[in-house]
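# Structure assessment
One letter stands for each residue in the lines below.
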Amino acid sequence: GDPSVRWQVKRDLLGSSDYQKDREAISTQGWGKQLLDVQDPEGTWAGKLYSPKWTSTHYTLLLLKRLGLAQNNPQAQKACEILLEKGMQPGGGVGYWQTYPLGETCVTGMTLSMCAYFGVDDGRLEKMLEHIDEQKLADGAWNCNHPRYKVHHSSVHTTISVLEGLQELAELKPNLLPAICEIRQKAHEFLLQHRLYKSDKTGKVIDEKMTRLVFPQHWHYHVHTALDYFQKIDHVYDERFSDGIDLLKRKQKDGTWPMHQPYSGKKWFTFETTGKPSRINTLIALRVLKWWDSLKSDC
């Protein structure tokens, strides 16, 4: 298997501390090396910041972060600096469109996630935190369409991007954890009120695409990756996770989890074959179920 999967299996499923060599190999072998090898001399990818999707600097860097590339990787850190330099807006948000200089909350969350993960530590991250707090809606979460179109119901897509960014910032700067916990508490409740993927009014599935096992997910919300976020922060037991857990169990086939149809758009290469067993999705599913079983045993 690819080292990006192997190191996480050792750490998260086997409980081994002997995974650093596998993690370091991401930059010299397999998927990680393939992505690093196509970086532009200037430090960008595809010569662009946000588009084309999914080969631009923003989405390639997000992918390297999800693979677990070493956090001190200089190529990734250079790209983070470029995204901040070119995308940071005066109000603390991040956006790459001259016609919309306020910053976009979903993009801000993803950028915060990448920059905090790769240790680009300067005052701009705190500015992004302030922007995220200011953009929070009355229901406790976020919707990137709020400033422009005045929507008042949060989006699960925007919310998970922001939550992942907040968690990476908390790991980089533990002194900010109390403030971050206060900001994200109601957002957790927002997702749980929807039982992760259902309407809080009708109980119907919000969007069938959210139930698919897709990698890379880019900016999209998926039940299995939302569960993976909650296991990462080691959220306490809540019965409302059970719908998502049951869905994940139903997706299992012969002891593994498959890869579903990826999102259309440009890509550097295909990670795993659609319809076949997926190492990435199986890793995520087993990691989530390990966390869930440990919670149930404590209740």
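Attention here is on the structure that accompanies the text. (Residues numbered from 1 in each chain as written. Predicted model: local features only at pLDDT ≥ 70, side-chain atom pairs only at ≥ 80, totals over all residues. Heavy atoms only, no water.)

### Some thoughts on the overall build of the protein chain
Selection rule: Segments assigned H or I by DSSP are reported as helices when at least four residues long, segments assigned E as strands when at least two residues long, and all are numbered from the N terminus. Two things to know: the radius of gyration comes from C-alpha atoms, and the globule rule equals 2.2 Å times the number of residues to the power 0.38. Residue contacts follow a heavy-atom distance rule, with two residues in contact if any of their heavy atoms lie within 4.5 Å. Here the accessible surface of atoms and residues is derived via Shrake-Rupley with a 1.4 Å probe, and residues count as covered only by protein chains that are part of the display. His residues and chain termini do not enter the charge count, which takes Lys and Arg as positive and Asp and Glu as negative. Note that the charge is assigned to NZ on lysines, CZ on arginines, CG on aspartates and CD on glutamates.
What the protein chain contains, in helices and strands, is 13 helices and zero strands. Going from the N terminus to the C terminus, the protein chain shows its helices and strands as α-α-α-α-α-α-α-α-α-α-α-α-α. The C-alpha atoms of the protein chain give 18 Å as radius of gyration, which agrees with the globular expectation for 299 residues (19 Å, within 12%). Long-range contacts, defined as pairs at least 24 residues apart, comprise 65% of the intrachain contacts of the protein chain with a sequence gap of at least 6. Per element, the accessible surface of the protein chain, about 13600 Å² overall, is 50% carbon and sulfur. For the protein chain, the separation between the mean place of its 39 positive charges and that of its 36 negative charges on side chains is 5 Å.

### A few points about the state of the cysteines
Quick note on the threshold: Pairs of cysteine sulfur atoms within 2.5 Å are what we label disulfides. A 1.4 Å probe rolled over the protein chains alone gives each residue an accessible area, and that area as a share of the maximum for its type sets the label: buried under 20%, exposed over 50%, partly exposed in between.
With the rule as written, the count across this model stands at zero disulfides. Looking at Cys80, it has no disulfide partner, and the nearest cysteine sulfur is the one in Cys115, 4.0 Å off. By relative accessible area, Cys115 is classed as buried at 0%.

### Things to note about the layout of surface pockets
Here is the rule: The definitions used throughout rest on a 1 Å grid laid over the protein atoms alone, on which a cavity is an enclosed set of points accommodating a 1.4 Å probe that cannot get out and a pocket is an open set flanked by protein within 12 Å on both sides along at least five of seven lines; lining residues are those having an atom within 4 Å of a point. Grid points are joined across faces, edges and corners, and a volume is the space filled by probe spheres set on the points. Gly counts as polar in this scheme, as do all residues outside two lists: the nonpolar Ala, Val, Leu, Ile, Met, Phe, Trp, Tyr, Cys and Pro, and the charged Asp, Glu, Lys and Arg.
What the largest pocket holds in volume is close to 740 Å³. Around the largest pocket, the lining is made up of 31 residues, and of these Gln8, Arg11, Asp228, Lys232 and Arg287 lie nearest the centre. Sorting the residues of the lining of the largest pocket by element identifies helix H1 (3-13), helix H4 (57-67), helix H9 (156-172), helix H11 (223-232) and helix H13 (279-298) as the ones contributing at least two each. Among the residues making up the lining of the largest pocket, the classes are represented as eleven nonpolar, eight polar and twelve charged. By volume, the second largest pocket amounts to about 240 Å³. At the level of elements, helix H6 (105-117), helix H8 (146-149) and H9 are the ones that each hand at least two residues to the lining of the second largest pocket. Considering every element that reaches the lining of the second largest pocket, the biggest residue donor is H6, with three residues. Here the lining of the second largest pocket is built from residues that sort into nine nonpolar, four polar and three charged.

### Considerations on the environment of Gly91
Structurally, Gly91 is set in the loop between helix H5 (74-87) and H6. Residue classification places Gly91 among the partly exposed residues on the basis of a relative accessible area of 47%. The spacing of Gly91 and Gly103 is twelve residues in sequence and 7.5 Å in space, taken between C-alpha atoms. Here Gly91 is in contact with His131 and Glu134, once residues within four sequence places are set aside.

### Details of empty space enclosed by the protein
Counted under the stated rule, the structure contains four cavities of 30 Å³ or more. By volume, the largest cavity amounts to about 200 Å³. Forming the boundary of the largest cavity are 18 residues, of which Pro216, His218, Lys267, Phe269 and Phe271 lie nearest the centre. Grouping the amino acids of the lining of the largest cavity by side-chain chemistry returns twelve nonpolar, three polar and three charged. Approximately 50 Å³ is the volume found for the second largest cavity. Considering each element in turn, the lining of the second largest cavity owes the most residues, three residues, to H9. Within the lining of the second largest cavity, the residues separate by chemical class into two nonpolar, five polar and two charged.

The values reported here are purely geometric and, on their own, carry no functional implication.
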